[in-house]
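Coordinate analysis (summary)
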Amino acid sequence: MTIEEALSKLEEITQNLEKEDLGLEETITLFDEGLGLAATIKEQLEASRLKVEQVLEKTHGTFTLEPLDLP
Amino acid sequence: MNEEHVYTVSELNRLAREVLETGFSGVWLRGEISEMTRAASGHLYFTLKDADSEIGGVRFRSLSSALAPVQIDQGMAVLALGRLTVYEPRGRYQFIASLLQPLGAGELQASIERLKARLNSEGLFDLGHKKPLPRFPRRIGVITSPSGAAFRDVRSVLSRRWPLAELYLFPTSVQGVDAPAELIAALDRATRFSERTEELDVIIFGRGGGSAEDLAAFSDEGVVRAIFACPIPVISAVGHEIDISLSDLVADVRAPTPASAAELVAPECTDLAEGVSLRVEQMTRAVTSKLLNRSERFRRDLRSYLFRIPGRKIETIEQRLDGLMDVLGRRMSEALATRTRRLTRASDLLRLSDPDLPLRRGYSLTFLKGSSEPLRDLSRVEPGSEIETRLEAGRMLSRVEEVIDE
């Protein structure tokens, strides 16, 4: 799941939880799922490191990725 | 010169040529190009003029190759270096230019303005063509010089702000004779890479600051058209705030500098984390109020049922009911605790475990004076009882005036 999908899913769950007619079991299940998503997103945000690649094309149509040495 | 001598036309022209060529061999000439023809031979014939006078000139093809690839056009003010000669067959004197260039940066600007007007009338800058940027870009292409300040800035801003991204650099030169062709090739490479290898969400296209001539490649017609044709959203970021190139106008978004391109291409991940925290609070509020609501309704329904049962049985049943409600309440809090524990462990987002949190939200705790057990019902309270209320900041003592059992 991309972060965008996770965020919109979390939003959807929050809105559903605020509905009046939600049953107890559903409430607990949704809440559980929502908290799990929130934790996953937060973990993803914290664990990410920017990936940097240089794209070279030695022969037409063949791309190679090379790490970039920068000062 | 012999006064008795009668010259032939050829002799006179030849003599005039010698005089002119000796006397005017390295002349700087400034004027406006009024007529211009490119001969099939590659020579360029032109007339230079000012307000009062004009002179014919030529730039031979053999001399053209060393020149900067600047478009010379009719109406353009130019600076020329050359010599005077006489074209003997016609007896016409003319200027032979070895160097011919637009007069100063003002002229470069003017030629960009002319191109801008033309491309604008073609609709290349219309807002209707602008593609929206993705909110959460994953793969970001960067077309710039690998050694320039632009890439360094983009990289450092994004590693702080949006480390979820993957940066793909398509190296190119950004100034000089070859820059336009290289920029066009890099755009083409990025487009094909996106189609065949890794789909790019957005491209940052630009360079750091420089002179007007340094930035000229970003106003090249071919470059502008290549950006227009690019199927991936392009953010143009050329030079400093004040520099506006034609690539800025044709791109889907213009950023004043490469660093600000990196800022507007992605959200701040701490903002996102904050948003997630807010959602968690919102969910917790919704669930808590639902559970409270439910237990109150349950109790109310049972009471109205119990009123219909005669006699002393009620008391017994009410007691048992209280016991049941306690159990139910405990089980609800346990369920909540189990499910919140995972999140609390995973992140510091959720500050639910903090006992002062309700106080920070504006709730308060009430104690019977001298007791450390918070009041949950009226069983220990009567008019005249002294109670202590604990707020987020501070405590207060009050006396109960009335006990209302609803």
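Residues numbered from 1 in each chain as written. Chains lettered and ligands numbered in written order. Predicted model: local features only at pLDDT ≥ 70, side-chain atom pairs only at ≥ 80, totals over all residues.

1. A word on the overall build of chain B
Helix and strand content of chain B: 12 helices and 13 strands. Of all 406 residues assigned to chain B, the portion counted as buried reaches 26%. By sequence separation, contacts in chain B at least 24 residues apart represent 62% of the contacts at least 6 residues apart. (Helix = DSSP H or I, 4+ residues; strand = E, 2+ residues; numbered from the N terminus. Buried ≥ 20, exposed ≤ 12 C-beta atoms within 10 Å, placed from the backbone. Contact = placed C-beta atoms within 7 Å.)

2. Structural notes on the overall build of chain A
Of the regular secondary structure elements, chain A holds 2 helices and 2 strands. Secondary structure of chain A in N-to-C order comes out as α-α-β-β. For chain A, with 71 residues in total, the buried portion stands at 23%. Long-range pairs, those at least 24 residues apart, make up 31% of the contacts in chain A between residues at least 6 apart in sequence.

3. Observations concerning the nonpolar core
Residue and element names in this part refer to chain B. In this structure, V142, I143, L187, I204, I227 and I235 are the most contacted members of the largest nonpolar core, which totals 69 residues. When residues of this core are sorted by domain, at least three fall in each of domain 2 (126-267) and domain 3 (268-349). Residues contacting L187, with those up to four places away along its chain left out, are I143, A226, I227 and C230. In terms of nonpolar packing, the next biggest core, distinct from the first, is built from 11 residues, M76, V78, A80 and F95 among them. (Core = buried A, V, L, I, M, F, W, Y, C linked by C-beta atoms within 7 Å. Domains from an automatic or database assignment.)

4. As for the sheet that holds strand β13 (residues 395-399) of chain B
All names here are of chain B. Strand order in the open sheet formed by 3 strands is β11-β12-β13, with antiparallel pairing between adjacent strands. With partners counted over all chains shown, the strands left at the sheet margins are β11 (365-368) and β13, one partner each. Direction aside, neighbouring strands of the sheet carry axes that sit 25° apart on average. Examined bridge by bridge, β11 and strand β12 (residues 386-390) share 4 bridges and lie antiparallel to one another. Within the sheet, the bridge partner assigned to F367 lies in β12 and is E388. (Pairing = 2+ DSSP bridges. Axes fitted to C-alpha atoms, helices over the stretch in contact; angles between N-to-C directions.)

5. A look at the interface of chain A and chain B
Contacts between the two partners involve 33 residues from chain A, matched on the other side by 40 residues from chain B. Those elements giving two or more residues to the side of chain A that touches chain B turn out to be α1 (3-17), α2 (24-47) and β1 (51-59) of chain A. Here the element with the most residues in the side of chain A that touches chain B is α2 of chain A; it accounts for 14 residues. As paired strands, β1 of chain A and strand β7 (residues 166-171) of chain B are joined by 4 bridges and run parallel to one another.

6. Observations concerning the sheet that holds strand β5 (residues 92-102) of chain B
All names here are of chain B. On the basis of which strands lie adjacent, the closed barrel formed by 5 strands has the order β1-β2-β3-β5-β4 and mixed pairing. The mean angle between the axes of side-by-side strands here comes to 50°, regardless of whether they run parallel or antiparallel. Alignment of strand β4 (residues 77-87) against β5, held across 10 bridges, turns out to be antiparallel. Considered in β5, the bridge of A80 is made with L100. The strands touched by helix α1 (residues 9-23) within the sheet are β4 and β5, with β4 carrying the most contacts at an inclination of about 140°.

7. With respect to the packing of α1 of chain A against α2 of chain A
Residues and elements named next belong to chain A. Between α1 and α2, the shortest axis-to-axis distance is 9 Å and the interhelical angle comes to 150°. Relative to α2, the element α1 lies roughly antiparallel. For the crossing formed where α1 meets α2, the hand is left-handed. Here α1 contributes I3, A6, L7, K9, L10, I13, T14, N16 and L17 to the contact with α2, which in turn contributes T27, L30, F31, E33, G34, L37, A38, T40, I41 and Q44. Taken together, the residues that form the contact of α1 with α2 break down as 11 nonpolar, 6 polar and 2 charged. (Parallel < 35°, antiparallel > 145°, perpendicular 65-115°, else oblique. Left-handed = near helix turned anticlockwise from the far one by under 90°. Nonpolar A, V, L, I, M, F, W, Y, C, P; charged D, E, K, R; others polar.)

8. Topic: helix α9 (residues 258-265) of chain B
Burial in α9 of chain B covers these residues: P258, A261, A262 and V265 of chain B. Buried residues of α9 of chain B fall within an arc of 100° about the axis and therefore sit on the same side. (Arc of directions from axis to C-beta.)

9. A closer look at the pairing of β5 of chain B
Looking along a regular strand, one sees the side chains alternate between the two faces of the sheet. Residue and element names in this part refer to chain B. Sheet topology note: the strand β3 (residues 54-59)/β5 ladder contains 2 bridges and is parallel. The partner of V58 across the bridge, within β5, is I96. Counting the residues between successive antiparallel strands, the hairpin from β4 to β5 contains 4 residues, one of them, G91, with a positive phi of roughly 65°.

10. Brief notes about α2 of chain A
Spanning 24 residues, α2 of chain A covers 34 Å between terminal C-alpha atoms, matching the ideal 34 Å at 1.5 Å per step. L30, F31, G34, L35, L37, A38, A39, I41 and K42 of chain A are the residues of α2 of chain A that are buried. (Expected span 1.5 Å × (residues − 1).)

11. As for the packing of helix α4 (residues 149-161) of chain B against α9 of chain B
Residue and element names in this part refer to chain B. Running from N to C, α4 and α9 point in directions that differ by 30°, and their axes come no closer than 8 Å. Between α4 and α9, the angle falls in the class roughly parallel. Between α4 and α9 lies a crossing whose hand is right-handed. On α9, the residues that touch A150, D153, V154, V157, L158 and R161 of α4 are P258, A259, A261, A262 and E263. In terms of residue class, the contact of α4 with α9 is made up of 8 nonpolar, no polar and 3 charged.

12. Some thoughts on the environment of G23 of chain B
Looking at where G23 of chain B falls in the secondary structure, it is placed in helix α1. The spacing of G23 of chain B and T85 of chain B is 62 residues in sequence and 9.9 Å in space, taken between C-alpha atoms.

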